[in-house]
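# Structure at a glance
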Amino acid sequence: MMMSGEVMLVILIVIGLIGRSPIIATAASILLVLKLTALERFFPTVERRGLELGLLFLTISVLVPFASEKISWKDVTPLFTTVVGFTALAGGAIATWMNGKGLDLLRTEPHMIIGLVIGSIIGIVFFRGIPVGPLMAAGITAFVLKLWEWFGGRWPQ
């Protein structure tokens, strides 16, 4: 049975409300409003630029402590002189590398986005996760697939 976009969005709104995930409920609500008000022409723009806009606002929120001077240069120095600081630097480098691998995966296997989105919804609703983007999910997926290959596994196509 083929499900219409409107029904799928309503289901996502209900899942978001039941799972107490305002992000899913709000996102699905906004898309439903766009769809019902014949503003679907903006879907390609939202799809193409939405991730960038979301990451922009996420980055802005993370950088606010610098702008409000809650973090100073003396707070940055331990990044280069402590184990915790080096670990944070390594974590950032590994995460961005994995994001690049995730982008490569999505370019070669674009259908994977469906599983990543459904998995993200499951993570949000049932594990109280925070959706920071499909690239990290794809990066982790690419890493797991590569581990599987290294240990002799083959994925059915």
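Residues numbered from 1 in each chain as written. Predicted model: local features only at pLDDT ≥ 70, side-chain atom pairs only at ≥ 80, totals over all residues. Heavy atoms only, no water.

### Brief notes about the layout of surface pockets
This is how the line gets drawn: Whether a set of points on the 1 Å grid over the protein atoms alone is a cavity depends on a 1.4 Å probe fitting there but being unable to get out, while an open set qualifies as a pocket with protein on both sides within 12 Å along at least five of seven lines; lining residues are those with an atom within 4 Å of a point. Grid points are joined across faces, edges and corners, and a volume is the space filled by probe spheres set on the points. Runs of E in the DSSP output that reach at least two residues are strands. Runs of H or I that reach at least four are helices, and both are numbered from the N terminus. Polarity classes work like this: nonpolar for Ala, Val, Leu, Ile, Met, Phe, Trp, Tyr, Cys and Pro, charged for Asp, Glu, Lys and Arg, and polar for all others, with Gly in that last group.
Taken as a whole, the largest pocket spans an internal volume of roughly 2,000 Å³. Along its surface, the largest pocket is lined by 44 residues, and Ile24, Ala27, Leu31, Val117 and Pro134 are the ones closest to its centre. Those elements that provide at least two residues to the lining of the largest pocket are helix H1 (5-18), helix H2 (22-36), helix H3 (43-67), helix H6 (112-127) and helix H7 (134-150). Element by element, the count of residues in the lining of the largest pocket is highest for H3, at eleven residues. Grouping the amino acids of the lining of the largest pocket by side-chain chemistry returns 33 nonpolar, eight polar and three charged.

### Some thoughts on unusual backbone geometry
Its identity as a non-glycine residue notwithstanding, Ala38 has a phi of 60°, on the positive side. Relative to the elements of secondary structure, Ala38 occurs in the loop between H2 and H3. Of note, Glu69 is a non-glycine position whose phi angle comes to about 60°, a positive value. Its place among the elements puts Glu69 in the loop between H3 and helix H4 (73-76).

### Quick look at the UniProt feature "transmembrane region" (unreviewed entry) in the chain
The following threshold applies: UniProt positions are given in the numbering used here, feature names are shortened, and annotations may be inferred rather than shown by experiment.
The UniProt record marks residues 79-98 and 110-127 with the feature "transmembrane region" (unreviewed entry), using the residue numbering of this structure. The distance separating the terminal C-alpha atoms of residues 79-98 is 21 Å; by composition the span is 80% helix and 0% strand.

### A word on the nonpolar core
What counts here: Remark: nonpolar core denotes a set of buried residues (Ala, Val, Leu, Ile, Met, Phe, Trp, Tyr, Cys) joined through side-chain atoms within 4.5 Å. Partly exposed describes any residue whose relative accessible area lies between the buried limit of under 20% and the exposed limit of over 50%, with all areas from a 1.4 Å probe on protein chains only and scaled to the type maximum. Two residues form a contact once any of their heavy atoms are found within 4.5 Å.
Leu9, Leu12, Ile13, Ile24, Ala28, Leu32, Ile121, Ile124 and Val125 form the largest nonpolar core, which has nine residues in total. Secondary structure elements with two or more residues in this core: H1, H2 and H6. Discounting chain neighbours no more than four positions away, the residues touching Ile13 are Ala25, Ala28, Ser29 and Leu32. By size, the runner-up hydrophobic cluster in this structure holds six residues, among which are Leu105, Ala138, Ala142 and Leu145.

### Overview of the packing of helix H5 (residues 83-108) against H7
We apply this condition: Interaxial angles span 0 to 180 degrees and are taken between N-to-C directions of axes, which are lines fitted to C-alpha atoms, for helices over the stretch in contact. Should an angle fall under 35 degrees it is called roughly parallel, over 145 degrees roughly antiparallel, and 65 to 115 degrees roughly perpendicular, with every other angle called oblique.
Close contact between H5 and H7 brings their axes to 7 Å; oriented N to C, the two are set at 85°. Here H7 runs roughly perpendicular to H5, going by the angle between their axes. When H5 is examined against H7, the residues Ala95, Met98, Asn99, Lys101, Gly102, Leu103, Leu105 and Leu106 are found in contact with a partner set consisting of Pro134, Leu135, Met136, Ala138, Gly139, Ile140, Thr141, Ala142, Phe143 and Leu145.

### Points about H5
For clarity, the cut-off: Take the residue count of a helix, subtract one, and multiply by 1.5 Å to get its expected span.
Here H5 is 26 residues long and its end C-alpha atoms lie 37 Å apart, about the 38 Å a rise of 1.5 Å per residue gives. Within H5 the residues assigned to the buried category are Gly85, Met98, Gly102, Leu105 and Leu106. Elements in contact with the buried residues of H5: H6 and H7.

### Observations regarding the packing of H1 against H2
Counted only if it meets this: Crossings are assigned a handedness: left-handed for a near helix turned anticlockwise from the far helix by less than a right angle, right-handed for a clockwise turn.
Their axes nearest at 8 Å, the elements H1 and H2 cross at an angle of 155°. By the angle between their axes, H1 is roughly antiparallel relative to H2. In this structure, the crossing between H1 and H2 has a hand that is left-handed. Residues Gly5, Glu6, Leu9, Val10, Leu12, Ile13, Gly16 and Leu17 of H1 lie in contact with H2, whose contacting residues are Ile24, Ala25, Ala28, Ser29, Leu31, Leu32, Lys35 and Leu36. For the contact of H1 with H2, a count of residues per class yields eleven nonpolar, three polar and two charged.

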